[in-house]
Amino acid sequence: MENSQNQKNASIETLRALAVALVFVHHLHSGANIGLPFFYQIGGWLGVQIFFVISGYLIILSAIRYSARDYFIHRFFRIYPAYIFWFLFFSLAFNQLTLDSLDVRALLAHLTFLQHLFPGYYFKYNALFVSWTLTIELVWYVVAFLCATKFSRHPLKITFVFMAIAYVWTIWGWSNPAIYKSLDSNGRYFFINNNFISQLPFFFFGAYIAVKNPKFDKAGLFAIFLVAVILSTSWKPHFPDPIFITGFGVASLFLILKDADYKNPKFVNVLSDISYSFYLIHYPVIVSVARVIENKGMLVILSIVITVALAYISHRFIEQPFIRMAKRHAGKFVQKGGNIKPASQ
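Along every chain, residues carry numbers that run from 1 in the direction the sequence is written. Since the coordinates come from a predicted model, pLDDT governs what is reported: local features require at least 70, and pairs of side-chain atoms require 80 or more to be given and counted, while whole-chain, interface and lining totals use all residues. Side-chain calculation: all heavy atoms of the structure are included, whereas hydrogens and water are not.

### So, the overall build of the protein
Next up, step 1: Helix numbering and strand numbering both begin at the N terminus, where a helix is a DSSP run of H or I of at least 4 residues and a strand a DSSP run of E of at least 2. When its secondary structure is counted, the protein shows 16 helices and zero strands.
Next up, step 2: Taking the principal axes of its C-alpha atoms as reference, the protein extends roughly 55 × 50 × 40 Å.
Next up, step 3: Any pair of residues with heavy atoms lying within 4.5 Å of one another is described as a contacting pair. Counted over contacts in the protein with a minimum sequence separation of 6, partners at least 24 positions apart contribute 78%.
Next up, step 4: Carbon and sulfur atoms make up 66% of the accessible area of the protein, which totals about 16400 Å².
Next up, step 5: We score Asp and Glu as negative and Lys and Arg as positive, and we do not count His or the chain ends. Here the site of a charge means atom NZ of a Lys, CZ of an Arg, CG of an Asp or CD of a Glu. Taking the 29 positively charged and 14 negatively charged side chains of the protein as two groups, their mean positions are separated by 8 Å. All accessible-area figures derive from a Shrake-Rupley calculation using a 1.4 Å probe, and residue coverage is judged against the displayed protein chains alone.

Encoded structure:
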């Protein structure tokens, strides 16, 4: 069992590091006009989807075991302190948060992770650029806790239900005249395809893996990953994509790595550890460096060094102390049902 645990941790560490690297590469293009072919196109959405599948896997296990009090204490202290620090830091640094232009409602939306539900509010304070995913993460925390017990008994049925809901929502959103007129094409994609309703299937794919631990032929899994992800740029423009289709490829990659016996190099483990803070701060760092550095090679190197350094400091002095605080305030696991073994978080 110890070996199985190490394999599982290795796969999660690999995927976290890969996810944050892909998002970074994508934002080098949008933030500094530096494009790595293919990866700058798919890196953003693929990295985020990997994060969501991992979260689905880990959070459903916590939701099954923890009491409501302990569960939400852990979730709050895990994501809020680092977020609020860097949100305020970069909002002030970019002169977005000023007394003369203060929008209290928009600020409250960001402080409570509800910004992605209100397009006008989201763009008001958007220094981090990636905070929309935290709204979706928050919704998943609530959904996971509410459906955890039933999901452990009927994972496939519930996953299919949320896939159907996501598909209906996407079709309705793109065909609804009121929404169509109120948002431009980018806005419709951002607030319909990227809405939490559309994104929830990714979490359920990870949750299904956690609950059922399915075993499939690796050649078949790789074929799914190849078609759903690597070849996605070929079929996405010609297919009414309900966005979660690529999630099958991400889940397949997870299953391939999860059952592999390997050990990550040190830098992958470190990048996995600091991935949350890295994710929060990488875009404003890229934009800030791009303002003063013109040489593209130096821009990339300096952006990586600064992001890694700040993310490490953030992880060490913000994330870890609050995680320890959560452990002190929360009790031990409270088993609510199921026979699932603990997962590393």
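After presenting the structure, the write-up continues.
### A short note on the pattern of salt bridges
Next up, step 1: A side-chain nitrogen of Lys or Arg and a carboxyl oxygen of Asp or Glu constitute a salt bridge if their distance falls within 4 Å. Applying the stated criterion across every chain yields a total of three salt bridges.
Next up, step 2: In this structure, the salt-bridge partner of glutamate 319 is arginine 78, at a minimum N-O distance of 2.7 Å. Remark: arginine 78 occurs in helix H3 (residues 68–93) and glutamate 319 occurs in helix H16 (residues 296–329); sequence separation between them is 241 residues. Each member of the pair, glutamate 319 as well as arginine 78, carries the same accessibility label: buried. Categorising residues by exposure relies on relative accessible area from a 1.4 Å probe, with only protein chains included: less than 20% of the type maximum marks a residue as buried, more than 50% marks it as exposed, and the intermediate range marks it as partly exposed.

### Concerning the layout of surface pockets
Next up, step 1: A cavity here means a set of points on a 1 Å grid, drawn over the protein atoms and nothing else, where a 1.4 Å probe fits but cannot get out; a pocket is an open set with protein on both sides within 12 Å along at least five of seven lines, and a residue lines either one if it has an atom within 4 Å of a point. Grid points are joined across faces, edges and corners, and a volume is the space filled by probe spheres set on the points. By volume, the second largest pocket amounts to about 640 Å³.
Next up, step 2: Along the walls of the second largest pocket sit 23 residues, with His26, Trp132, Tyr189, Phe190 and Asn194 positioned nearest its centre.
Next up, step 3: Looking at the lining of the second largest pocket, the elements with two or more residues in it are helix H1 (2–32), helix H2 (39–65), helix H5 (119–124) and helix H9 (185–193).
Next up, step 4: In terms of residue count, H2 provides more of the lining of the second largest pocket than any other element does, five residues in total.
Next up, step 5: In this count, Pro and Cys sit with the nonpolar residues alongside Ala, Val, Leu, Ile, Met, Phe, Trp and Tyr, while Asp, Glu, Lys and Arg are called charged and the others, Gly among them, polar. A breakdown of the residues in the lining of the second largest pocket according to their chemical character gives 12 nonpolar, 11 polar and no charged.

### Quick look at the nonpolar core
Next up, step 1: Nonpolar core, defined: a set of buried Ala, Val, Leu, Ile, Met, Phe, Trp, Tyr and Cys residues in which side-chain atoms within 4.5 Å join the residues together. The biggest cluster of nonpolar side chains holds 105 residues, and the ones touching the most others in it are Ile60, Trp140, Phe204 and Leu280.
Next up, step 2: The element contributing the most residues to this core is H2, with 16 residues.

### Notes on a nonpolar patch on the surface
Next up, step 1: Residues qualify for a patch when their relative accessible area is over 30% and they have no salt bridge, like charges being joined within 9 Å and the nonpolar side chains of Val, Leu, Ile, Met, Phe, Trp and Tyr within 5 Å. Taken together, the side chains of Phe222, Leu226, Val227, Ile230 and Leu231 define a hydrophobic patch exposed on the protein surface, amounting to about 400 Å² of accessible area.
Next up, step 2: Of note, leucine 226 is situated in helix H11 (residues 218–230).
Next up, step 3: A relative accessible area of 32% places leucine 226 in the partly exposed class.

Don't take any of this as a statement about function, it's just geometry.
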